[in-house]
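# Inside the fold
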Amino acid sequence: MYAASREASARSREALRAALTGSNGVAATTGSELFAVVAVLDDQRSLRVALADVSVQGSARAELSERVFGGKVSPATQAVLTTAVAQDWSRTADLVDTLVLLGQEALLESAADSGRLDAVEDELFRLGRIVSDNPDLEQALSDRAKPASAKRELLAGLLTGKVEPITLTLAEQVVTRQRGGIDTSFDELADLAAGRRDQIVAHAHAAVALTTQQRERLAASLGRIYGKPVTVHVQVDPSLLSGLVVRVGDDVIDGSAIGRLERLRRELA
């Protein structure tokens, strides 16, 4: 984002925090309603352009949002939306993407309030791995020619009763508003959930599955390095031969056999 959109996004997030503070049970509704607003804006180009048109005063854009959505969403959602559209955005897409992020954060707030944030984070990560390991499923969920309703039905059939309701809502939003790789989107959501718990996320690729004790030792070691609690997500990758590769943000720690062989090859070249 450019500077204007970064500032606008920050103010919109402040509005979300204010709307949710001291209001029990509204986070889930706010998140779902923000997703519904995004769906409308995705379908109606003229409306989303009008709501982000910096040539029009922010107060006028806020009034427009209230005319369109007032009475159709809760007061908390309307407060967040009114604040967001009153800001000056560098691009129309930045406004819509921020509303998506705010919806995600509201739903994760709801999961935290109910003590289910850990479960949602784990389920989102596992969903990313399932999609990544199943090309047919990934194709079905990524097919832009397939109606959004068909994707939601497919996902609901696979997940209903097997994951947290919030996980399903987040997953449905990912597949109906695809803006990148489905598995990557699930990983980003899992990282967002970990960040909500003030934890760093480490993505580990291991030649073989790690035991619970090995995961805990790895998390403890990384926690000492980074000075914060670390959530470790592990994906098995037999091509590594042995050992593991760990990515934390931009840092990569390669302790795999294939990595050691590659370093040896470079030294001998």
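As a reminder, the structure under discussion sits directly above these lines.
Residues numbered from 1 in each chain as written. Predicted model: local features only at pLDDT ≥ 70, side-chain atom pairs only at ≥ 80, totals over all residues. Heavy atoms only, no water.

## A short note on the environment of Trp-89
Tracing the sequence through the fold places Trp-89 in the loop between helix H5 (75-85) and helix H6 (92-113). Placed 113 residues apart in sequence, Trp-89 and Ala-202 show a C-alpha to C-alpha distance of 33 Å. Discounting residues that sit within four places of it in the chain, Trp-89 has contacts with Ser-5, Ala-8, Ser-9, Ser-12, Val-54, Ala-84, Asp-94, Leu-95 and Thr-98. (Helix = DSSP H or I, 4+ residues; strand = E, 2+ residues; numbered from the N terminus. Contact = heavy atoms within 4.5 Å.)

## A few points about the pattern of salt bridges
Here the structure, examined in full by the defined rule, presents 10 salt bridges. Close ionic contact of Glu-105 with Arg-13 constitutes a salt bridge, the shortest N to O distance being 2.4 Å. You can see Glu-105 sitting in helix H6 and its partner Arg-13 sitting in helix H1 (residues 3-20), a full 92 residues away along the chain. Put simply, Arg-126 and Asp-122 hold a salt bridge, and the shortest N to O gap is 2.9 Å. Taken as a pair, Arg-126 and Asp-122 lie in helix H7 (residues 117-133) at a separation of 4 residues, close to a single helical turn. Under the relative-accessibility criterion, Arg-126 is labelled partly exposed at 42%. Overlapping salt bridges, with partners in common, bring together Asp-42, Asp-97 and Arg-177 in one network. (Salt bridge = Lys/Arg side-chain N within 4 Å of Asp/Glu carboxyl O. Buried < 20%, exposed > 50% of the residue type's maximum accessible area, 1.4 Å probe, protein only.)

## A few points about the sheet that holds strand E4 (residues 251-254)
If you walk across this open sheet you meet the 4 strands as E2-E1-E3-E4, and the pairing is mixed. Either end of the sheet is taken by a strand with one partner, and the two such strands are strand E2 (230-236) and E4. Mean inter-strand twist for the sheet, computed between neighbouring axes without regard to direction, equals 20°. Across 7 bridges, strand E1 (residues 200-206) lies against E2 in parallel orientation. Paired with Ala-206 across the two strands is Val-236, which belongs to E2. Relative to the sheet, H7 contacts E1 and E2, its axis offset from that of E2 by approximately 20°. Across the sheet, helix H11 (residues 182-196) touches E1 and E2, and the angle it forms with E1 is around 135°. (Pairing = 2+ DSSP bridges. Axes fitted to C-alpha atoms, helices over the stretch in contact; angles between N-to-C directions.)

## A short note on the environment of Lys-146
Mapped onto the elements of the fold, Lys-146 is located in the loop between helix H8 (135-142) and helix H9 (148-159). C-alpha separation for the pair Lys-146 and Ile-182, spaced 36 residues apart in sequence, amounts to 15 Å.

## What to know about the packing of H7 against helix H10 (residues 165-176)
One can describe the packing of H7 onto H10 by two numbers: an axis separation of 9 Å at closest approach and a directional angle of 40°. With respect to each other, H7 and H10 are oriented oblique. For the crossing formed where H7 meets H10, the hand is right-handed. Along the contact surface, H7 presents Val-120, Glu-123, Leu-124 and Leu-127, while H10 presents Ile-166, Thr-167, Leu-170 and Ala-171. (Parallel < 35°, antiparallel > 145°, perpendicular 65-115°, else oblique. Left-handed = near helix turned anticlockwise from the far one by under 90°.)

## As for helix H12 (residues 212-226)
The end-to-end C-alpha separation of H12 is 21 Å, in line with the 21 Å expected for 15 residues at 1.5 Å each. Those residues of H12 that sit buried are Leu-218, Ala-219, Leu-222 and Gly-223. Relative to the axis of H12, the buried residues are bounded by an arc of 135° and lie together on one face. The outward face of H12, more than 90 degrees from its buried face, is lined by the exposed residues Gln-213, Glu-216 and Arg-224. Elements that come into contact with the buried residues of H12 comprise E1, E2, strand E3 (244-248) and E4. (Expected span 1.5 Å × (residues − 1). Arc of directions from axis to C-beta.)

Read these as geometric descriptors, not functional statements.
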